Amino acid sequence: MDLSIGEVAERSGLSVHALRFYEREGLFANPVRRLSNGRRIYREQDLEWLAICTKLRSSGMPLAMIRQYIELVRQGPGNEHERLELLRRHESHVEAQIRDLQRTLDVVRRKVRIYEDHVVRGEADRLWNPSHRDAAQAGTYEECQAPEGA
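Note that the coordinates shown come from a computational prediction; the quantities given were computed from them, not determined experimentally.

Definitions and limits used
- Residues numbered from 1 in each chain as written.
- Predicted model: local features only at pLDDT ≥ 70, side-chain atom pairs only at ≥ 80, totals over all residues.
- Heavy atoms only, no water.
- Helix = DSSP H or I, 4+ residues; strand = E, 2+ residues; numbered from the N terminus.
- Buried < 20%, exposed > 50% of the residue type's maximum accessible area, 1.4 Å probe, protein only.
- Contact = heavy atoms within 4.5 Å.
- Areas by Shrake-Rupley, 256 points an atom, 1.4 Å probe, with all protein chains shown as cover.
- Phe/Tyr/Trp six-rings, centres within 6.5 Å; stacked < 30°, edge-to-face > 60°.
- Core = buried A, V, L, I, M, F, W, Y, C linked by side-chain atoms within 4.5 Å.

Looking at the overall build of the protein chain
And then number 1: Secondary structure summary: the protein chain contains 6 helices and 2 strands in total.
And then number 2: Helices (α) and strands (β) of the protein chain occur, in sequence order from the N terminus, as α-α-β-β-α-α-α-α.
And then number 3: The burial tally for the protein chain puts 27% of its 150 residues in the buried class.
And then number 4: The long-range fraction of contacts in the protein chain, counting pairs at least 24 apart against all pairs at least 6 apart in sequence, stands at 50%.
And then number 5: For the protein chain, the computed accessible surface area is about 10,400 Å², with 52% contributed by carbon and sulfur atoms.

Side note on the packing of aromatic side chains
And then number 1: Across all of its chains, the model carries 3 aromatic pairs by this definition.
And then number 2: Ring centres 6.2 Å apart and planes at 70° place the aromatic pair Phe-21 and Tyr-22 in the edge-to-face group.
And then number 3: Note on Tyr-22: relative accessible area 8%, which makes it buried.
And then number 4: Here the aromatic rings of Trp-49 and Tyr-69 are separated by 6.1 Å at their centres, their planes lie at 20°, and the arrangement is stacked. Taken together, the residues span a long stretch of sequence, with Trp-49 in helix 3 (residues 44-58) and Tyr-69 in helix 4 (residues 63-75) at a distance of 20 residues. The pair formed by Trp-49 and Tyr-69 is uniform in burial state, with each residue classed as buried.

Re the nonpolar core
And then number 1: With 24 residues, the main nonpolar core has Leu-19, Tyr-42, Trp-49 and Ile-66 as its most contacted residues.
And then number 2: Of all the secondary-structure elements, those providing two or more residues to this core are helix 1 (5-12), helix 2 (16-24), helix 3 and helix 4.
And then number 3: The element best represented in this core is helix 3, accounting for 5 residues.

See below:
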């Protein structure tokens with residue numbers, strides 16, 4: 001079934017502008033077909049690829065790496081080990097991002113607990129304030145310290 005750029009935008013959640021960008025950057029697994037009047041025509045396979053491609057992008061895969069992956073796919077069978085290695089490298093990158101985000105979440109959760117505790121006790125005014133010169137002397141700097149093991 002042929003789809004217009006508007007239909008692909010609606011179904012993929014990408015803007016028409018983003019779809020044109022993906023095409024210009026060579027990020028489609030197959031070239032986008034055009035009618036004699038220049039209108040783009042997409043297929044279901046393009047939507048399937050866009051779903052994968054947008055996940056790779058949102059996970060931080062650089063455009064150059066996506067292009068490299070697409071080129072390997074376009075070459076067909078015989079380079080599966082190269083594709084696998086590329087995906088494993090990115091998997092390691094995503095895992096590192098998740099670890100960093102978990103440490104960040106730990107800090108945010110600690111700050112939430114500190115604020116909740118101070119608010120409940122009616123001592124929110126004692127939270128650390130870098131512009132208040134008495135803050136360091138009052139020993140209220142605990143909120144800016146990272147949790148142990150972070």
